[in-house]
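Residues per chain, in single letters:
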Amino acid sequence: MKILITGGAGFIGSHVIRRFVQNYPNYHIYNLDALTYAGNLENLKDIENFPNYHFVKGNIVDEDFIITLFDENNFDGVIHLAAESHVDRSIEDPLAFVRTNIIGTVNLLNAAKKIWNDDFVGKRFYHVSTDEVYGSLGQEGLFTEETSYNPNSPYSASKASSDHFVRAYGETYKLPFVITNCSNNYGPFHFPEKLIPLFINNIIHNKPLPVYGDGKYTRDWLFVEDHARAIDLVFHKGANHQTYNVGGFNEWQNIDLVKLLCKVMDKKLDRKDGTSENLITYVRNRPGHDLRYAIDATKINKELGWEPSVTFEEGLELTVDWYLSNSDWLNHVTSGDYKEYYKKMYS
Ligand code: NAD
Ligand code: DAU
């Protein structure tokens, strides 16, 4: 099996690559990544010399490059994670999200359709998507696979569009696809522009913790390795032309999560309880901020037996430990451009 995994140098992609390279020595795993600000080959240092791992630097927006890559390799499967993934950046620059998330996805679909040439036996296009395509929940209810799409940010609109294209290629050209829509991930190698790693980094440096709005916005958090395990399962056992929701059954209001993180950090850093909580600062709300996401993961549980393997408290402690013992990684990714980004978004 030759499998193309896109976005493998990013947060979730690096966990997926590591899992596939280590668990399937007979597969050849190709990691296609443009190495944007979010892509980092340091995330894959431990497996970079495995004989079944191959890195290809390239941009999914480049149509000719993608067609040539597929022509030369005849991949059996594609697991597509490459994306612009940060909501706040999408508010600043929506077109970047249109290019990568929509055009990039269509380029990959076209290339797969071309090389597979209607011979779809054993082939699969796996599109990794997000629960944000469903929009925002009120205080009640969960997102199921039947919930209508109602994206509210340029990021979620671009992901919703890419999901529609994948499904349309399934209907129109019979391309065998599967889509998963997952809730918020956290864990090692998470770029510190997202809530949990940003706040860990700020606590380390005694910087303010910028909570958007009143902090009562709710997310459903899943440890990243549990997402990688779900992707493995769906890639191998999921039914074609299906969507599976993936989530942690683990809802937290931002402010409660931040207070828990502060407690864990105070303990780990040997600081007086309450030290980190004093850094909490309420700031201007994110425009169009979705109130609540929560996934009903019954289908993947019933059909494929998947469920989260770690509790949030365990996962958060593992995550904090990882950041505290990988200060080199954190220092590398927060030098250079990151400083400009931070100034622009938070000053
Ligand atoms: P990330 O931003 O950490 O990584 C994205 C990766 O894609 C990076 O390595 C980057 O270099 C690469 N990339 C970006 N543009 C590219 C391009 N044009 N060509 C080739 N490579 C490119 O993202 P992530 O958080 O790991 O998310 C991965 C996927 O999972 C995304 O599709 C995202 O929508 C989805 N997702 C993320 C979450 C989450 O909580 N992070 C939850 C559900 C779904
Ligand atoms: O739900 C899945 C999605 O989760 C993924 O599709 C996205 O790629 C991923 O980035 C994530 O999106 P969110 O917008 O939910 O994640 P983020 O970490 O940016 O924000 C989480 C919550 O914390 C959200 O309610 C906004 C809030 N927040 C975030 C930041 C960065 C703050 O209060 N302050 C901040 O500085």
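Up top is the structure these notes are about.
**Q** What am I meant to see in the pairing of strand 6 (residues 177–182) here?
**A** Regular strands place their side chains on alternate faces of the sheet. Within strand 6, six of the six residues are buried, leaving the element largely enclosed by the surrounding structure. Of the strand pairs in this sheet, strand 5 (residues 124–130) and strand 6 are connected by six bridges, and their pairing is parallel. By the bridge assignment for strand 6, Tyr126 is matched with Val178. After leaving strand 5, the chain enters helix 5 (residues 154–173) and then returns to the sheet as strand 6, a path that is right-handed. Here strand 6 runs beside strand 10 (residues 242–246); their pairing, made up of five bridges, is parallel. Residue pairing for strand 10: Ile179 is matched across the bridge by Thr243.

**Q** Mind showing me how you'd approach helix 7 (residues 224–237) here?
**A** Given a rise of 1.5 Å per residue, 14 residues ought to cover 20 Å, and the 20 Å separating the end C-alpha atoms of helix 7 matches this to within 8%. Judged by how many residues are buried, helix 7 sits mostly within the fold: ten of 14 residues are covered. Within the span of helix 7, buried status applies to Val224, Asp226, His227, Ala228, Ala230, Ile231, Asp232, Leu233, Val234 and Phe235.

**Q** Just to check I follow, could you spell out the site of ligand 2 for this structure?
**A** As a structural note, the neighbourhood of ligand 2 is formed by 26 residues, with Thr130, Asp131, Tyr155, Arg286 and His289 the closest of them. Residue Tyr346 places a side-chain N or O atom 2.7 Å away from an oxygen atom belonging to ligand 2. Taken together, the elements giving at least two residues each to the shell around ligand 2 come down to helix 3 (87–92), helix 6 (195–204) and strand 8 (209–212). Counted by class, the shell around ligand 2 contains twelve nonpolar, seven polar and seven charged residues.

**Q** Where do I start with the environment of Ile91 in this structure?
**A** Mapping Ile91 onto the fold places it in helix 3. Separated by 63 residues in sequence, Ile91 and Pro154 have C-alpha atoms that sit 6.3 Å apart. Excluding its chain neighbours within four sequence positions, the residues that come into contact with Ile91 are Pro154, Arg286 and Pro287.

**Q** What's the story with the site of ligand 1 in this structure? I'm lost.
**A** Close contacts around ligand 1 come from 29 residues, with Ile12, Asp33, Ser85, Tyr155 and Lys159 the closest. Gly10 is positioned such that a nitrogen or oxygen atom in its backbone is 2.9 Å from an oxygen atom of ligand 1. Ala34 is positioned such that a nitrogen or oxygen atom in its backbone is 3.1 Å from a nitrogen atom of ligand 1. Sorting elements by how many residues they give to the shell around ligand 1 places strand 5 first, with three residues.

**Q** Looking at this structure, I do not really get the pattern of salt bridges. What am I missing?
**A** Under the criterion given, the structure shown has 15 salt bridges. For Glu193, the salt bridge identified is with Arg89, shortest N-O distance 2.7 Å. Of the two residues, Glu193 sits in the loop between strand 7 (184–186) and helix 6 while Arg89 sits in helix 3, which places them 104 residues apart along the sequence. Note that Lys194 and Glu193 form a salt bridge whose closest N and O atoms lie 3.9 Å from each other. Each member of the pair, Lys194 as well as Glu193, is classed as buried.

**Q** Explain the sheet that holds strand 11 (residues 251–253) here, please?
**A** By way of backbone hydrogen bonds, the strands of a sheet pair with one another, either parallel or antiparallel. Reading across from one edge, 7-9-11 is the order of the three strands in this open sheet, with mixed pairing throughout. Each edge of the open sheet carries a strand with a single partner, namely strand 7 and strand 11. Taking each pair of neighbouring strands and ignoring which way they run, the sheet shows an average axis angle of 50°. Note that strand 9 (residues 218–223) and strand 11 share three bridges and pair antiparallel. Within the sheet, the bridge partner assigned to Thr218 lies in strand 11 and is Gln253.

**Q** What's the story with the pairing of strand 4 (residues 77–80) in this structure? I'm lost.
**A** Residues of strand 4 alternate between two faces, with Gly77 and Ile79 on one and Val78 and His80 on the opposite face, all of them buried. Where strand 1 (residues 2–6) lies against strand 4, four bridges are found, and the strand directions are parallel. Its bridge partner being in strand 4, Thr6 is matched across the sheet by His80. Here strand 4 pairs with strand 5 via four bridges, running parallel. Counterpart to His80 in the pairing with strand 5 is His127.

Criteria and thresholds
- Residues numbered from 1 in each chain as written.
- Chains lettered and ligands numbered in written order.
- Predicted model: local features only at pLDDT ≥ 70, side-chain atom pairs only at ≥ 80, totals over all residues.
- Heavy atoms only, no water.
- Buried < 20%, exposed > 50% of the residue type's maximum accessible area, 1.4 Å probe, protein only.
- Helix = DSSP H or I, 4+ residues; strand = E, 2+ residues; numbered from the N terminus.
- Pairing = 2+ DSSP bridges.
- Right-handed = clockwise from strand over helix to strand, strands pointing away.
- Expected span 1.5 Å × (residues − 1).
- Near = heavy atom within 4 Å.
- Polar contact = N/O pair within 3.5 Å; in protein donor to acceptor, adjacent residues only side chain to side chain.
- Nonpolar A, V, L, I, M, F, W, Y, C, P; charged D, E, K, R; others polar.
- Contact = heavy atoms within 4.5 Å.
- Salt bridge = Lys/Arg side-chain N within 4 Å of Asp/Glu carboxyl O.
- Axes fitted to C-alpha atoms, helices over the stretch in contact; angles between N-to-C directions.

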